[in-house]
Amino acid sequence: MTRLLIGAWLGAALGIAACVPNEMPQASDGRGLYMEYCAVCHGADGKGDGEMARATTTPPKNLTLISLRHGDRFPRAKVLSTIDGYARSDLDGPGMPEFGELLEGDLVPLNTGDGTMTPTPRKLVALLEYLESIQQTR
């Protein structure tokens, strides 16, 4: 009986461990988040022409040009700070909202460009990966 209980416990523990995603988020994981949170202002293609674009005080940026605006480099840390609200504390009037739901859930290690792996919310990384994937090049 004891072996049966131990076996059942180990099986349950392994089953739970198998349900925890170990893979890093991909651009395809972030597309749905983008459509849910960003497309209404930035547009389905990220060019700043969403349904609510005209209603905003500051027009939404063309998100496909982030790398071009930064010398052909995608500024991961800056983009994360913009999404999570850290870099937007000085904006006046109604602008880009903060997305607290993107900060919930498990954390994954992310190098934002400084060589340090930083624990970052999975959803935020997924959205970052998607935004990086839609960048235009010269």
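Calculation notes
Residues numbered from 1 in each chain as written. Predicted model: local features only at pLDDT ≥ 70, side-chain atom pairs only at ≥ 80, totals over all residues. Heavy atoms only, no water. Helix = DSSP H or I, 4+ residues; strand = E, 2+ residues; numbered from the N terminus. Buried < 20%, exposed > 50% of the residue type's maximum accessible area, 1.4 Å probe, protein only. Contact = heavy atoms within 4.5 Å. Core = buried A, V, L, I, M, F, W, Y, C linked by side-chain atoms within 4.5 Å. Salt bridge = Lys/Arg side-chain N within 4 Å of Asp/Glu carboxyl O. Axes fitted to C-alpha atoms, helices over the stretch in contact; angles between N-to-C directions. Parallel < 35°, antiparallel > 145°, perpendicular 65-115°, else oblique. Nonpolar A, V, L, I, M, F, W, Y, C, P; charged D, E, K, R; others polar. Polar contact = N/O pair within 3.5 Å; in protein donor to acceptor, adjacent residues only side chain to side chain. Left-handed = near helix turned anticlockwise from the far one by under 90°.

(A) Layout of the overall build of the protein chain. Within the protein chain, the regular secondary structure consists of 6 helices and 2 strands. Reading the helices (α) and strands (β) of the protein chain from amino to carboxyl end gives α-α-α-α-α-β-β-α. Looking at the protein chain as a whole, 33% of its 138 residues qualify as buried. Long-range pairs, those at least 24 residues apart, make up 46% of the contacts in the protein chain with a sequence separation of at least 6.

(B) Focus on the nonpolar core. Among the nonpolar cores identified, the biggest contains 23 residues, and Tyr 34, Val 79, Ile 83, Leu 102, Leu 127 and Leu 131 are the most heavily contacted of them. Broken down by secondary-structure element, the contributors of at least two residues to this core are helix H2 (27-37), helix H5 (76-84), strand E1 (107-111) and helix H6 (122-133). Ranked by residue count, the leading element in this core is H6, at 7 residues.

(C) How the structure looks around the pattern of salt bridges. Going through the model one piece at a time under the given rule, you end up with 4 salt bridges. Asp 72 is the partner of Arg 138 in a salt bridge, and the nearest nitrogen-oxygen pair spans 3.1 Å. On the criterion of sequence distance, the pair formed by Arg 138 in the segment after H6 and Asp 72 in the loop between helix H4 (66-69) and H5 is long-range, its members being 66 residues apart. Overall, Arg 138 belongs to the exposed group, its relative accessible area being 75%. As a salt-bridge pair, Glu 132 and Arg 76 come within 3.2 Å of each other at their nearest N and O atoms.

(D) Region of the structure containing the packing of H2 against H6. For the pair H2 and H6, the least separation of the axes is 7 Å and the interaxial angle reads 100 degrees. Of the possible angle classes, the one that applies to H2 and H6 is roughly perpendicular. Where H2 abuts H6, its residues Ala 27, Asp 29, Gly 30, Arg 31, Leu 33 and Tyr 34 lie against Lys 123, Ala 126, Leu 127, Glu 129, Tyr 130, Leu 131 and Ser 133. Residues of the contact of H2 with H6, tallied by class, amount to 7 nonpolar, 2 polar and 4 charged.

(E) Spatial organisation of the environment of Gln 135. Checked against the element boundaries, Gln 135 lands in the segment after H6. According to the relative accessible area criterion, Gln 135 is buried, its value standing at 13%. Sequence separation of Gln 135 and Ile 66 is 69 residues, and the distance between their C-alpha atoms is 6.8 Å. Setting aside chain neighbours within four positions, we find Gln 135 in contact with Leu 63, Thr 64, Leu 65, Ile 66, Ser 67 and Phe 74. Polar contacts involving the side chain of Gln 135 include one to the main-chain amide nitrogen of Ser 67, which spans 2.8 Å.

(F) View of the packing of H5 against H6. Two elements in contact, H5 and H6, have axes whose closest approach is 10 Å; the angle formed by their N-to-C orientations is 120 degrees. Taken together, H5 and H6 sit at an angle that is classed as oblique. Handedness of the crossing formed by H5 with H6: right-handed. Facing H5, whose interface residues are Arg 76, Val 79, Leu 80, Ile 83 and Asp 84, H6 presents Leu 124, Leu 127, Leu 128, Glu 129, Leu 131 and Glu 132. Residue classes in the contact of H5 with H6 are distributed as 7 nonpolar, no polar and 4 charged.

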